[in-house]
Amino acid sequence: MKPTPRMLLCWGLAASAACGDDARESATESLTSSSPTTPVTDGGTVPTEAGSDGSTGTAGDSQATSTTQTSETESTDATTAEPVCPADCADQGGTCIGGECCPTEDRTCGDVCCPEGGFCSFNTCVTPGDTCIDASECADEEYCEYSLGEPEMMGGMCQGGVTPATGKCLPAPPVCLDGQDPGDPPTCLSKCEYKPPPGAFTPVVKYHWDKGDVMMTPIVVQLDDDNCDLIVDERDIPEIVFSTFDNGDYNNNGTIHVISIVGGQIVEKWTYFDAVDPIAPGRELAGGDIDGAPGNEVVATTTTGKVVAFRGDGTVLWTSPAQGSGVFVSITDLDQDGAPEVLTPSAVLDGKTGAIETVLGGHINTAADLDGDGQLDIVHATGAYNAAGGVMAATGLEGAWSAVADLDLDGKAEVATIANGGALLAHHLIIWRHDPMAANGVQIIRAGIDINGALSPDLCPPGSAGNTVGGGPQTIADFNGDGTPDVAVAGGVGYAVFDGKKLMDPNVADADTFLWIKQTQDCSSAATGSSVFDFDGDGSAEVIYSDETTLRVYKGSDGTVLWSTCNTTGTLVEYPLVADVDGDGHADIVAVSNDYSGITCDGTKQTGVRIFGDSLGTWVRTRRVWNQHTYHVTNTEESGVTPQVEVANWTVPRLNNFRQNVQPEGEFAAPDLIVDLRLQCAPETYGLTARVRNIGEASVPVGVPVYFYEGDPDNGGVALGMGLTTKVLYPAEAEEVVLELANPPPGVVDGSSVVWVVVDDAMPMHAWHECRVDNNRASGTGKCPRPPG
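For every chain, the first residue of the written sequence is number 1, and numbering continues from 1 along that sequence. Reporting of local features is limited, given that this is a predicted model, to residues whose pLDDT is at least 70; pairs of side-chain atoms are given and counted only at 80 or more, and all residues count toward the totals for whole chains, interfaces and linings. With hydrogens and water stripped out, all remaining heavy atoms of the structure feed into the side-chain values.

K.L.:
Which parts of the structure should I look at to understand the environment of Leu230?
P.N.:
A helix here means a DSSP run of H or I that spans at least four residues, while a strand means a run of E at least two residues long, and both kinds are numbered starting from the N terminus. Tracing the sequence through the fold places Leu230 in the loop between β14 (219-221) and β15 (239-244). The spacing of Leu230 and Pro294 is 64 residues in sequence and 9.5 Å in space, taken between C-alpha atoms.

K.L.:
Teacher, can you tell me more about the state of the cysteines here?
P.N.:
In a disulfide, the sulfur atoms of two cysteines are held together by a covalent bond. The disulfide definition used here is simple: a pair of cysteine sulfur atoms within 2.5 Å. Tallied over the entire structure, the rule returns twelve disulfides. Across the disulfide from Cys109 sits Cys120; the S-S distance is 2.0 Å. As the torsion about the S-S bond is roughly 80°, the Cys109-Cys120 disulfide counts as right-handed. Here the residue Cys109 occupies a position in strand β4 (residues 108-109), and Cys120 occupies one in strand β6 (residues 119-121), the gap between them amounting to eleven residues. The residues Cys109 and Cys120 share a single accessibility class, namely buried. For every residue, the accessible area obtained with a 1.4 Å probe (protein chains only) is divided by the maximum for its type, and the residue is called buried under 20%, exposed over 50%, and partly exposed between those limits.

K.L.:
How should the sheet that holds strand β26 (residues 366-368) be read in this particular structure?
P.N.:
Pairing between the strands of a sheet is mediated by backbone hydrogen bonds and can be parallel or antiparallel. When DSSP finds two or more bridges between a pair of strands, those strands are recorded as paired. Judged by pairing direction, the sheet is antiparallel, and its four strands sit side by side in the order β26-β27-β28-β29 without closing on themselves. Where the open sheet ends on each side, the last strands, each with one partner, are β26 and β29 (391-394). Here the strands of the sheet are splayed against their neighbours by 25° on average, with no regard to which way each runs. Bridge count for β26 against strand β27 (residues 377-380) is three bridges, and the pairing is antiparallel. Within β27, the position partnered with Thr366 by the bridge is Val379. With axes taken as lines fitted to C-alpha atoms, and helix axes fitted only over the stretch in contact, angles between N-to-C directions fall between 0 and 180 degrees.

K.L.:
Is there a simple way to explain the sheet that holds strand β33 (residues 442-450) in this structure?
P.N.:
Here four strands make up an open sheet; going across it, the order is β30-β31-β32-β33 and the pairing antiparallel. Among the strands making up the open sheet, the edge pair consists of β30 (401-405) and β33. Each strand of the sheet is rotated relative to its neighbour by a mean of 20°, with strand direction disregarded.

K.L.:
Please clarify how the environment of Arg433 should be interpreted in this entry.
P.N.:
Looking at where Arg433 falls in the secondary structure, it is placed in strand β32 (residues 427-434). Sequence separation between Arg433 and Thr395 is 38 residues, and the spatial gap between their C-alpha atoms is 9.3 Å. Working rule for contacts: check all heavy atoms of both residues, and any pair within 4.5 Å makes them a contact. The contact partners of Arg433, leaving out residues within four places of it in the chain, are Asp408, Asp410, Ala413, Glu414, Gly441, Val442, Gln443, Ile445 and Met504. Polar contacts, as used here, are pairs of N or O atoms within 3.5 Å; protein pairs need one atom able to donate a hydrogen and one able to accept it. Residues neighboring in sequence count only if both atoms are side-chain atoms. At 2.9 Å, the side chain of Arg433 forms a polar contact with the side chain of Glu414.

K.L.:
Any chance you could explain the pattern of salt bridges here in plain terms?
P.N.:
Note that side chains of opposite charge can pair when their charged atoms are close. In what follows, salt bridge is the name for a side-chain nitrogen of Lys or Arg lying within 4 Å of a carboxyl oxygen of Asp or Glu. For the structure on display, the rule yields 21 salt bridges. Between Glu239 and Lys269 there is a salt bridge; the shortest N-O distance is 2.8 Å. Within this pair, whereas Glu239 is found in strand β15, its partner Lys269 is found in strand β17 (residues 265-272), the two being separated by 30 residues in sequence. When sorted by exposure, Glu239 lands in the same class as Lys269, which is buried. For Asp774, the salt bridge is made with Arg772, and the minimal N-O distance between the two is 2.9 Å. A relative accessible area of 39% means that Arg772 is categorised as partly exposed.

K.L.:
Hey, could you run me through the layout of surface pockets in this one?
P.N.:
In this approach the atoms are scanned with a rolling probe the size of a water molecule, which exposes any empty space left behind. As defined here, a cavity is a set of points on a 1 Å grid over the protein atoms alone where a 1.4 Å probe fits but cannot get out. A pocket is an open set with protein on both sides within 12 Å along at least five of seven lines, and residues line them when an atom is within 4 Å of a point. Grid points are joined across faces, edges and corners, and a volume is the space filled by probe spheres set on the points. Quantified by volume, the second largest pocket comes out at close to 1,100 Å³. Around the second largest pocket sit 43 residues that line it, and Ile237, Gly263, Asp582, Pro701 and Val702 are the ones nearest its centre. For the lining of the second largest pocket, the secondary-structure elements that each account for two or more residues are β13 (203-209), β16 (255-262) and β44 (608-614). Ranked by the residues each element gives to the lining of the second largest pocket, the list is headed by β13, at three residues. Lys, Arg, Asp and Glu make up the charged group, whereas Ala, Val, Leu, Ile, Met, Phe, Trp, Tyr, Cys and Pro make up the nonpolar group; the residues left over, Gly among them, are polar. Across the lining of the second largest pocket, the residue classes tally to 19 nonpolar, twelve polar and twelve charged.

K.L.:
Teacher, can you tell me more about the environment of Ala394 here?
P.N.:
Inspection of the secondary structure puts Ala394 in strand β29. Judged by its relative accessible area of 32%, Ala394 is partly exposed. Along the primary structure Ala394 and Thr382 are separated by twelve residues, whereas in three dimensions their C-alpha atoms are 5.8 Å apart.

K.L.:
Honestly, unusual backbone geometry in this entry has me stumped. Any pointers?
P.N.:
Generally, phi is negative for residues other than glycine and the peptide bonds are trans, each holding for most cases. Phi is positive for Leu409, close to 60°, though the residue is something other than glycine. Inspection of the secondary structure puts Leu409 in the loop between β30 and β31 (414-420). Residue Leu409 is classed as partly exposed on the basis of its relative accessible area, which comes to 47%. A positive phi angle, near 65°, is found at Thr571, a position not held by glycine. Here Thr571 falls in the buried class, since its relative accessible area comes to 3%.

K.L.:
Before we go on, may I ask you to explain the side chain of His769 in this structure?
P.N.:
Tracing the backbone through its elements, the reader meets His769 in the loop between β50 (754-759) and β51 (777-781). You can call His769 buried: its relative accessible area is 19%. Polar side-chain contacts of His769 include one of 2.8 Å to the backbone oxygen of Gly617.

This is how it looks when you write it as C-alpha cells:
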C-alpha cells in the first residue's frame, strides 16, 4: 500500500543531506546541524528541537547569545525571540525552519518551508499541477512526478495489463550551466554522459521470430498504447512490422505480421492475410500517422498494385485504386497542411482516404527540398517534381534509386543516383544537383562511376543479375569521420563506399573516388540495400549489410569486417536496419532471412527476423523508429508523426545522411539514479520507502531493483528485501518504491541499526549504463517519530 497524504511520512534523511553517497549524514545529525536553536529569555543554554530519535542537544553560549539580542529600549524581561518551534515538531514528522515547524519533508526546501500545497522540487518550491500518467499530459517544460501520485495496479485494459502509476505535473528543473555544480540535493540537471569503452564488437541474438520467410525491410513504429497513458507516442514500445511469404513465392500470398518486445519476450500483436487481393510480400511498407486521428497506421501494397492502409490494431482504414506494378510507398506531408500524403511511384495519395491527388511518372520517389524554397519536392533517380507534380529537373540519364544529402557542405542538396540495368549504365553511381539555370534544371557532377571498381562481374555466374547489372538502395553517411558525407552502395559482387570529398572534386578521376570496396555475393538480385550507424559514437559510421549468405558490420573508415554471421536470403531490395526496438536505451540491429532458395551459409539456412544487440551493452542510444525504406531521420518524429514542415536533413547538425539512424540530441546521454530513504509510519503499517530519482539526461527502463538493508551492505549488512521501479523514469522523474515490513527487526525500529537503501547495483547486469554509480545509495534511521500501532 502506497502512503497517502494522511499517513505520517518522514525522511530518514533531511532534504539538505548529501544525496546518495556513503558519507550521507544520519537523520539525527542532519536535523541537528541544520536546525536553528530556540532562544530563551534568560540567555542560558537552550535545547534544540528533538531529533528523529527523540534526542536533544545544547547550543553553545556564543550561539545562544547571538540569537537572544534585545533592544536597548526594551525591558530586561522582554524578548525579540523568533517564533518558538513546537517541541513535538520532529515527533510529528516535521522540521524546524526559522523557528516554525514545517509539517513534512516534501515542503522543506533548504532553509525555506514551502507554503501549503507546495512541493520542494530540485530545491525550489513549486506548486504541483494536473494529475499525469506520462509527461506528454503535462505542459511544455514540465515533467511527471510519480512520487506525488498513486501506484501502479494490476488489472488494467491496456497492452501493459495494468492501471499505470500516476503523478503530478511539475516544472522541469533547470539545466546546469557549464561548470555549474548541481548541489546536493541537486538544483539543476547536470550533463550526464556514458561513452562506451573501446573494445570488441560482440553482437548477440536478443530475439528471434522464426515462423516464416522474410525478404523485405521491416519497419519500426509505435502502434499501440503500451504504457497506458491513452496515447500512442515515442514512450510506447515500438512494433516491428514485416511481411512473410509461403512456399518460395515472394511475389504472392503475403502475410503482414506485427510483433513487439514486451518484458523481454516477443509478443505477436496482429497479422493480416487476404486471399482475394494478397499483400505483395516482397514490397516495402511504411508507417506513421496518416489520418490525423490518434495513433499510427501501416501502409502496404497488394499484388494487384493497390495500396492498403491499416490502423494500429490491424483493421483496414482504406484501399486505394490500383497503382500499377512495382508499388513502393513512403509517407510525407508534401503540401505542409498537417495531413500527410502517401507517395507511390505512380501517384500522390491522400493519407486520410487513399484517393489519388497527383499522378506521377512511375519512379521510386523520396521527398526533399531540392531548391531550398522551404517546400518539399518529389525526388527520383532521374529527376524531380515539385509538390504539385510539375517537372523541375530531368537528368536525361538512367537511374533506379536516389538519396539526398549535401555532399560539398555548401548548404544545397545533391542527389546520389544508382543506375541498375540500363543500356548504358548497368551498375553505376551518378551525382547531380538541381540547378534552375541549367538545361533541364540539372547539373551533372558525376555521369556514372562503375560501382564494381576492380571487382569482376564474373564473380557471379554468367547471366545472373550480379554478372550483368547491380546497385541497390544507397546510403549516405560520414564513414571516415572527416565531417563530409560519403556514399555507399551494394552491387552484385561488392560493397563500395565512395569518398564524398573526392566525389565533389572535379580533379579526381572516377576510379579514384572509392574510399574502399569489399567483395560480397548478391548474384540473385544485385540490388540489396544497407544501413549505417555509429555504434560507438566515435564520429565514423559503421555499415550494416547482408548479402545472400552473410550479415556483416564493416568499419566505416576502411571496410574492416568487425563482425559477421550467417544470414541466408534470396535477396530483393531489403536491408538490415538499426533502431531501439525494446526501449532499453541501446541500438539494435534488425535483420531478415529466408530459406526458400538453394543458398546456404556454412551448410545452414536462416529464417524470419532476428534482433541483435551488443553483449556488453556498449552500443550508443538511438531512436525507436525506422518508418520506411527511404528513412532519413527528419522524415518522421520518433512518435511516428510526420512533420508538417520537414526540416532538410542536411541542415541539421550531426545528420546530413540517408538511411542512417542516430540520436539527434545526446548520443551519449545516460541516466543517473539517486535515492533517498523515507519511512512509512501509520497505524498497523511500517515500511521503508525509497524515492528513486533520475537526475541524468536519458531514461531508465522499468524494473530497476531497489534493495533495503539493516547495516552497511558492504560490511555485512543484512538484506531486508527489495522492490522494483514500475515506470520508465525520464530525466527529473522520481518514483517511490515501498518495502512493507510486517515484522521489522528491533534494531531497525528502535534506530540502533542504520538502514541502507541501494538502487541499481547492476546485478543482474543490464544493457544500460549510468554516468555515475557512486551516488546510488543512502542511509538513515528506521525509527519513526511516533512508533506505528
